[in-house]
Amino acid sequence: MAIAFFPTMILLSQLLYFLSVTIFFSLGTCQNSSSPLPSFSEKNTNPLPIETIFKLPSPLPTWPTGGGFASGKIDLGGLEVCRISSFTKIWATLEGGTNNLGATFFDPSQIPEGFFMLGSYAQPNDRALSGGVLAGKDTTGDPSNGTLKQPTDYTLVWSSESANVAQDGNGYIWLPTPPDGYKAVGHVVTNSPDKPSLDKVRCVRSDFTDPSENDEWIWGKDNGINVYGFRPSTRGVQALGVPIGTFLALTSGAVTASLPCLKNVKANLSSMPNPSQVQALIQSYSPWIYLHPDEEFLPSSVSWFFKNGALLYKKGDESNPVSIDPLGSSLPQDGSNDGAYWLDLPSDQAAKQQVKKGNLTDAGVYLHVKPMLGATVTDVAIWVFYPFNGAAKAKLEIINVSLGKIGEHIGDWEHLTLRVSNFNGELTSVYFSQHSGGVWLSPSELEFQGGNKPVTYSALHSHAFSPIAGLVLEGSGGIGIRMDTARGERVMDTGARFLEVAAEYFDSAVVEPPWLNYTREWGPKIDYNVVDETNKVAEVLPWFLRKKFRKFVSSLPNEVLGEEGPTGPKMKDSWSGDERT
């Protein structure tokens, strides 16, 4: 009896402990995704028909005058472009693609006189029609070597005649054959097997094109074709690539290739908003940020953090930390992140706990305004500072467990980015950052409040941003980091208190605060060992989850493990480049 009883007690003990360490079961929905955030289509069970045209909740305001911003056209240096958002439907498929809802293919319509189509447009059927494509006009006055020329022929890339898909008639995707010295920058779609007219589309002179890379998957899967958006492959403010808004069609088994984007050959910034126009953009589109009701660690201003006891430490002289003035003028302004300096909370324990909690009434946001995509869009990065980032929580199948100190760090910088069209000032997408990556979403996929102001949710402890309230699981197979968001009473209107800290194209119009050029870390190397913390959690898990848990922790990005304090906004690669996706 004793021999049988002892194993039984062990099994019973493990079962009871299994139940006790669940801590809490999720009462909300859970999104399992290997990408940082769920796509809107995953939560949209009743998508609008593709014929429905998306409009922002409120009309666009009349922008302050001055410069070429919102003039409708942008000169790329011999090639003038305009953005067309009115379309004529050519062909639709009713299955395949996102949520097996199919896609619809369009030609741009109402093209202004003198401008020409550069390619057709395609969009998944899981959301309202909301995109746009560029049309081009040759402004060189050179008929023999202008920036645009007709194709000499077409090649049929794919036909839906033999495709086993529900469809609206038949569709045909053509690739224009460019003349020597020119490149096709878009496909043409027809609903007839006859070749399109040579006058239908234009090819672009090669020196006005840039390499590109595949972007969002639009449609395909088991239909012999895959359709993608594509974007400039070069990154950074100096990148001159201009996305056209059309699509790339690749037949199954084809060697990966891409169509080129356009190039702003003169790096013309005349289409960028001036200071008064930037102010108007912020007032129109400044997001609302909802904090989780259980959040203990709130944002603050940088000056509040400094004034309430934050300290600057120097390697080799750790016993003599120095206080920091409100503007950060006493911070070192040169060098790299070499470990020579770091910031920390006040040494007094009571003050330390108080500063960790932040100060919402004093908190504001910090704006970086920059040209992107050949100055056809303006990116407004909205940075939020939190004095402290709380511990992470994980979901291990049906168990939810705190990760101990893993995820804790001092000095947490998070951001959203508004992308605005320089053609008309319309909001075209919003970037939600999370840990080491993030996601771009179009306005048709967002929630709005107070006009055209997007709503976002700050995740509990991690402060990662999500466009939806609820639970997102960053991981796969039922294992991942919990990202819990909810609409609480505490909310930041980012348009109520903001400071432009950088807009390099303004020259001297924006004065950068000294703290922005502090290149070292905003927190110390934390005093816990990841292996030890992992073991503490693993020891209380059922045996069959321990190996999975250890493997999961080893895969976490540094931004989650948080062994060292983060660097400031200007040290991120997105400061001068595009956002990570």
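First things first, this report covers the structure right here in the doc. Since we're looking at a predicted model, the values are computed, not measured.

## Topic: the side chain of Ser429
As for its position among the elements, Ser429 is in strand β31 (residues 427–434). You can call Ser429 buried: its relative accessible area is 11%. Among all residues touching Ser429, those that are not within four sequence positions of it are Thr417, Leu418, Arg419, Trp440, Leu441, Ser442 and Pro443.

## A closer look at the pattern of salt bridges
Summed over all chains, the structure comprises 18 salt bridges. The salt bridge involving Arg127 is made with Glu445; its shortest N-O contact spans 3.9 Å. Taken together, the residues Arg127 in the loop between β7 (121–124) and β8 (133–138) and Glu445 in the loop between β32 (437–441) and β33 (448–449) connect sequence positions 318 residues apart. Here the two residues Arg127 and Glu445 agree in accessibility, since each one is buried. Because the salt bridges share partners, they merge into one network encompassing Asp126, Arg127, Glu216 and Glu445.

## Quick notes on the sheet that holds strand β17 (residues 212–219)
The sheet built from three strands is open, its strands ordered β17-β18-β20 with antiparallel pairing. Looking at strand neighbours, the two that pair on one side only are β17 and β20 (247–251), the edges of this open sheet. Adjacent strand axes in the sheet meet at a mean angle of 40 degrees when their direction is disregarded. By the bridge criterion, five bridges tie strand β18 (residues 225–232) to β20 in an arrangement that is antiparallel. Bridging across to β20, Ile225 finds its partner in Thr251.

## A word on the pairing of strand β22 (residues 288–291)
Regular strands place their side chains on alternate faces of the sheet. Of the two faces of β22, the one holding Trp288 and Tyr290 and the one holding Ile289 and Leu291 are both buried throughout. Bridge analysis of β22 against strand β38 (residues 491–493) gives three bridges, and the strand direction is antiparallel. Across the sheet, residue Trp288 finds its bridge partner in β38, namely Asp493. Where β22 meets strand β34 (residues 453–458), four bridges bridge the pair, whose relative direction is parallel. Bridge pairing links Ile289 to Thr456 in β34.

## Quick look at the sheet that holds strand β9 (residues 148–149)
Taken in spatial order, the three strands line up as β9-β15-β13 in an open sheet, and their pairing is antiparallel. If you trace the sheet from one side to the other, it starts and ends with β9 and β13 (182–183), each paired once. Sheet topology places β13 next to strand β15 (residues 203–205); two bridges connect them, and they run antiparallel. In the strand pairing of β15, Lys183 is matched with Val204.

Rules and cut-offs
Residues numbered from 1 in each chain as written. Predicted model: local features only at pLDDT ≥ 70, side-chain atom pairs only at ≥ 80, totals over all residues. Heavy atoms only, no water. Helix = DSSP H or I, 4+ residues; strand = E, 2+ residues; numbered from the N terminus. Buried < 20%, exposed > 50% of the residue type's maximum accessible area, 1.4 Å probe, protein only. Contact = heavy atoms within 4.5 Å. Salt bridge = Lys/Arg side-chain N within 4 Å of Asp/Glu carboxyl O. Pairing = 2+ DSSP bridges. Axes fitted to C-alpha atoms, helices over the stretch in contact; angles between N-to-C directions.

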